[in-house]
Amino acid sequence: MKTYTTTPKEDGFRMPGEFENHLGTYIIWPERTDNWRLGAKPAQEVFAQVASAIAEHEAVTVAVNEGQYANARHMLPDHVRVVEISNDDAWVRDCGPTCVTDGKEVRGVDWRFNAWGGLVDGLYFPWDKDDALAQKVCELERFNRYRLDHFILEGGSIHTDGDGTLVTTEECLLSEGRNSHLNKEQIEAVLKEYLNVEKIIWLKRGIYLDETNGHVDNIFAFVKPGECLLAWTDDKEDPQYEISRECLEILERETDARGRKLKVHKLHLPKPILITKEESHGVDAVDGTLPRKEGDRLAASYVNFYLCNGGVIYPTFHDENDQRAEETLKECFPDREVTGIYAREILLGGGNIHCITQQIPMV
Ligand code: KQY
């Protein structure tokens, strides 16, 4: 595997939209008991459901630590590939490679990863195995890569339309625990160079109390160039209302890289979801890992869905808006099969279906 010192833009590579064709999907197997309750077994069952649902549409690879190989192999269907890759937790969206392509070859962009804020407000320590994971995926896929030793980024903090536009949040990319040595213009310059985009739309904040410092992938997603989904509530008493309203204002005001006005679909959130006593007690409390306290509100959002070839895999919460979310997604993606998976167990770990998946584009 070669590590380039040039940039994707210089080499004519761009990041495709998630809605473009995939070669396959990566997932990492959950196991750490300070994040996943009851020895991670309930989460493993849901991850297996997500892997199986995606495998209906495209090839799925699940990366596991050595000690979990036999268990994961047993719990996953035969046609899902299971490979040993050391990891610290199960968020391949964030620590996996961001793939770029020139239409003939795929390369990985390997950002530095510091568990969502490092020693400032990171969610666990250490994170060295996660930081090394993107390189290992590139090895396995025979991709050359670009490595940024001095730029921290998680895949969940960006969305691109594959056509020159990137959407992110100030809350995350300007956070103290990431690239505080760089200003907004310098961060923009890195994104433009390494993802080959021309226009960056900055939302202010992500979903209320999202522990990732407001990852964009929990509040916003592209349907296709010029069209997007925004997490929404009509409840003016909910702190989320003002956040979503502000995002809407920005999205309605902005144009994309091609000068298009964005068509924005509202995807209504579930009612606030709180951690129960039983759920809180099921997690091993460990210093240095974010505690899971009874009554804490979780950052639940239907926008945290994943697009695979011909499919949309979205989280459900046993909420009255589950059905409404399905209808909205079917309207937005009439040519895809829309599949809901009850994903509270992933939410309890701090993210959702989009956060646990990473697409490998097709050339
Ligand atoms: O939302 C994500 N992209 C990751 C969430 C990480 C939570 C770690 N506990």
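Quantities reported herein were computed from a predicted structural model and do not represent experimental measurements.

J.: How should the site of the ligand be read in this particular structure?
T.: Among the 13 residues in the neighbourhood of the ligand, the closest are listed as D94, E211, G349, G350 and C355. Here N35 contributes a side-chain N or O atom positioned 3.4 Å from a nitrogen atom of the ligand. At a separation of 3.4 Å, a nitrogen atom of the ligand approaches a polar side-chain atom of R292. Contact with the protein chains covers 98% of the free accessible surface of the ligand, which is 300 Å².

J.: What's the story with the nonpolar core in this structure? I'm lost.
T.: It is characteristic of soluble globular proteins that their nonpolar side chains tend to be buried jointly. Counting residues in hydrophobic clusters, the biggest one holds 51 residues, and the most contacted among them are V50, V62, L76 and I346. Of all elements in the fold, only β2 (22–28), α2 (41–55), β3 (59–64), β4 (81–84), α4 (92–95), α6 (128–141) and β16 (306–308) reach the threshold of two or more residues within this core. Ranked by size, the runner-up nonpolar core spans 44 residues in total, among them V167, I219, W232 and L347.

J.: Could you clarify how one ought to interpret helix α11 (residues 321–332) in this entry?
T.: Along an α-helix, residues three or four positions apart point the same way, because every turn accommodates 3.6 residues. For α11, built from 12 residues, the straight-helix expectation of 16 Å at 1.5 Å per residue is met to within 8% by its first-to-last C-alpha distance of 16 Å. Buried residues in α11 make contact with β11 (220–224), β12 (227–232), β13 (263–268), β17 (311–316) and β18 (337–342).

J.: Please explain the pattern of salt bridges as it appears in this structure.
T.: Side chains that differ in sign of charge can pair as their charged atoms come close. Throughout the structure, instances matching the rule amount to 31 salt bridges. Among the ionic pairs, E188 bridges to K192, the shortest N-O distance being 3.2 Å. Within this pair, E188 and its partner K192 are both found in helix α8 (residues 184–195), separated by 4 residues, close to a single helical turn. Its relative accessible area of 18% is what places E188 among the buried residues. Residue K192 is classed as partly exposed on the basis of its relative accessible area of 25%. What emerges from the salt-bridge pattern is a single network uniting D110, D131, R145, R147 and D149.

J.: Sorry if this is basic, but what is going on with the sheet that holds β11 here?
T.: Two orientations exist for strands paired in a sheet by backbone hydrogen bonds: parallel and antiparallel. Here we have 3 strands laid out as an open sheet, ordered β11-β12-β13, and mixed in their pairing. Each of the sheet's edge strands pairs with one partner strand only, and the pair in question is β11 and β13. Pairwise comparison of adjacent strand axes, ignoring direction, gives a mean angle of 30° for this sheet. Across 4 bridges, the pairing between β11 and β12 is antiparallel. Each bridged residue has a counterpart across the sheet, and for A221 the counterpart in β12 is L229. Against the sheet, helix α9 (residues 239–253) makes contact with β11, β12 and β13, and its axis sits at roughly 160° relative to β12, the strand it touches most.

J.: What exactly am I supposed to notice about the pairing of strand β5 (residues 98–101) here?
T.: Within a regular strand, the side chains alternate between the two sheet faces. The two faces of β5 match: T98 and V100 on one face and C99 and T101 on the other face are all buried. Note: β5 against strand β6 (residues 106–112), 4 bridges, orientation antiparallel. Residue pairing in the sheet places T101 in a bridge with V106 of β6. Here β5 folds back onto β6, and the loop between the two strands holds 4 residues, one of which, G103, carries a positive phi near 95°.

J.: Mind showing me how you'd approach unusual backbone geometry here?
T.: The phi torsion of most residues other than glycine is negative, and most of the peptide bonds are trans. That bond from F125 to P126 is cis: its omega, -5°, falls within 30 degrees of zero. Tracing the chain through its elements places P126 in the loop between α5 (118–121) and α6. Phi angles above zero are rare outside glycine, and N196 is one such case at about 55°. Inspection of the secondary structure puts N196 in the loop between α8 and β10 (199–203). Residues other than glycine seldom take positive phi values, yet H318 does so here, at roughly 55°. Structurally, H318 is set in the loop between β17 and α11.

J.: Just to check I follow, could you spell out the side chain of T7 for this structure?
T.: Mapped onto the elements, T7 comes out in the loop between β1 (3–4) and α1 (8–11). For T7, the side chain forms a polar contact with the side chain of E193, separated by 2.6 Å. With near-sequence residues (within four places) excluded, T7 lies in contact with Y146, E193 and Y194.

Cut-offs applied
- Residues numbered from 1 in each chain as written.
- Predicted model: local features only at pLDDT ≥ 70, side-chain atom pairs only at ≥ 80, totals over all residues.
- Heavy atoms only, no water.
- Near = heavy atom within 4 Å.
- Polar contact = N/O pair within 3.5 Å; in protein donor to acceptor, adjacent residues only side chain to side chain.
- Areas by Shrake-Rupley, 256 points an atom, 1.4 Å probe, with all protein chains shown as cover.
- Core = buried A, V, L, I, M, F, W, Y, C linked by side-chain atoms within 4.5 Å.
- Buried < 20%, exposed > 50% of the residue type's maximum accessible area, 1.4 Å probe, protein only.
- Helix = DSSP H or I, 4+ residues; strand = E, 2+ residues; numbered from the N terminus.
- Expected span 1.5 Å × (residues − 1).
- Contact = heavy atoms within 4.5 Å.
- Salt bridge = Lys/Arg side-chain N within 4 Å of Asp/Glu carboxyl O.
- Pairing = 2+ DSSP bridges.
- Axes fitted to C-alpha atoms, helices over the stretch in contact; angles between N-to-C directions.

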